[in-house]
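Next come the chains, spelled out residue by residue.
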Amino acid sequence: MQLLGLYGVTVVMFFALDFLGLRYLVGPLFQRHVGDLLLESFRAGPALVFYLFYVAGLVWFVSWPALRGDGVGAAALNGAILGAIAYGTYEFSNYATLKAWTWQMVATDLAWGTVLTAVSAAAGVAVIRALG
């Protein structure tokens, strides 16, 4: 039951923060550089699959071990590492293969994904620990 609570808190935190990040940070940047490639409205299905699976991996590999032992700091650190790996894979692959991809996009989205993943993991662990 604790694992499901951890997943629930983490997915809500991740989704809420990423909504803000996509709306005010990453979205405007991508619109400026690759706006002609973007859909007028995003495809909700693939986005939902990403969120559910990414957070499941985050919880399994980072948050659950941190909750059971190392604590909030470990969740933040290991979440940052996982976020940098995942978002870095996406960004550097795009930069290597797409003409319009810029270093500004790479740096911004990589930093955002690193912070987003770290904060979501730490918040999930902190909330579940606070609830007992």
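Worth saying up front: this structure is predicted, and the values here are computed from it rather than measured.

Cut-off values and rules
Residues numbered from 1 in each chain as written. Predicted model: local features only at pLDDT ≥ 70, side-chain atom pairs only at ≥ 80, totals over all residues. Heavy atoms only, no water. Helix = DSSP H or I, 4+ residues; strand = E, 2+ residues; numbered from the N terminus. Buried < 20%, exposed > 50% of the residue type's maximum accessible area, 1.4 Å probe, protein only. Areas by Shrake-Rupley, 256 points an atom, 1.4 Å probe, with all protein chains shown as cover. Lys, Arg positive; Asp, Glu negative; His and termini not counted. Charge placed at Lys NZ, Arg CZ, Asp CG, Glu CD. Expected span 1.5 Å × (residues − 1). Bend = angle between axes of the 7 residues up to and from the residue. Contact = heavy atoms within 4.5 Å. 1 Å grid on protein atoms, 1.4 Å probe; cavity = no way out; pocket = protein on both sides within 12 Å on 5 of 7 lines; lining within 4 Å. Points joined across faces, edges and corners; volume = space filled by probe spheres on them. Nonpolar A, V, L, I, M, F, W, Y, C, P; charged D, E, K, R; others polar. Core = buried A, V, L, I, M, F, W, Y, C linked by side-chain atoms within 4.5 Å. Patch = residues over 30% accessible without salt bridge, like charges linked within 9 Å, V, L, I, M, F, W, Y side chains within 5 Å. Salt bridge = Lys/Arg side-chain N within 4 Å of Asp/Glu carboxyl O. Phe/Tyr/Trp six-rings, centres within 6.5 Å; stacked < 30°, edge-to-face > 60°.

When helices and strands are tallied, the chain shows four helices and zero strands. In the chain, the order of α-helices and β-strands from amino to carboxyl end is α-α-α-α. Dimensions of the chain, computed from the C-alpha atoms along their principal axes, are close to 50 × 25 × 20 Å. For the chain, the proportion of its 132 residues judged to be buried stands at 39%. Of the roughly 7800 Å² that the chain leaves accessible, carbon and sulfur atoms contribute 71%. Within the chain, one finds 6 positive and 6 negative side-chain charges whose respective centroids are separated by 4 Å.

The next thing to look at is helix 1 (residues 2-34). The terminal C-alpha atoms of helix 1, which comprises 33 residues, lie only 42 Å apart, well short of the 48 Å expected from a rise of 1.5 Å per residue. The largest bend along helix 1 measures about 50° and falls at Leu22. Within helix 1, the full set of buried residues consists of Leu6, Thr10, Val11, Phe14, Asp18, Gly21, Val26, Leu29, Phe30 and Val34. Each element contacted by the buried residues of helix 1 is listed here: helix 2 (44-70), helix 3 (72-97) and helix 4 (103-131).

Roughly 1300 Å³ of volume is contained in the largest pocket. Lining the largest pocket are 30 residues; nearest its centre among them are Leu22, Leu38, Phe42, Ala47 and Tyr51. Those elements that place two or more of their residues in the lining of the largest pocket are helix 1, helix 2 and helix 3. Among the residues forming the lining of the largest pocket, the class breakdown is 22 nonpolar, three polar and five charged.

Since the α-helix turns once every 3.6 residues, residues separated by three or four places project in the same direction. Taking 1.5 Å per residue as the helical rise, helix 4 with its 29 residues ought to reach 42 Å, and the 42 Å between its terminal C-alpha atoms agrees with that figure. Remark: Gly132 follows helix 4 within two positions and exhibits a positive phi of approximately 95°.

Take the nonpolar core next. In a soluble, globular protein the nonpolar side chains are often hidden away together inside. Leu6, Phe14, Phe30, Leu67, Trp101, Met105 and Val125 are the most contacted members of the largest nonpolar core, which has 28 residues in total. Top element by residues in this core is helix 2. It accounts for 10 residues. Among residues more than four places away in sequence, those in contact with Leu67 are Gln2, Leu6, Val125, Ile128 and Arg129.

Attention shifts here to a nonpolar patch on the surface. Taken together, the side chains of Leu48, Val49, Leu52 and Phe53 make up a nonpolar region of the molecular surface, amounting to roughly 410 Å² of accessible area. With respect to the helices, strands and loops of the structure, Leu52 is situated in helix 2. By relative accessible area, which is 36% here, Leu52 ends up partly exposed.

So, about the packing of aromatic side chains. Throughout the structure, instances matching the rule amount to 11 aromatic pairs. Centre to centre, the rings of Phe30 and Trp101 are 5.2 Å apart; their planes meet at 80°, and the pair counts as edge-to-face. Here Trp101 lies in the loop between helix 3 and helix 4 and Phe30 lies in helix 1, a separation of 71 residues in the sequence. Just as Phe30 is buried, Trp101 falls in that class too. The interplanar angle of 70° and the centroid separation of 5.9 Å between the aromatic rings of Phe92 and Trp103 together place this pair among those described as edge-to-face. Linking Phe92 in helix 3 with Trp103 in helix 4, this pair joins segments that are 11 residues apart in sequence. Grouping aromatic residues by their ring pairs yields a cluster made of Phe14, Phe15, Phe50, Tyr51, Tyr54 and Tyr87.

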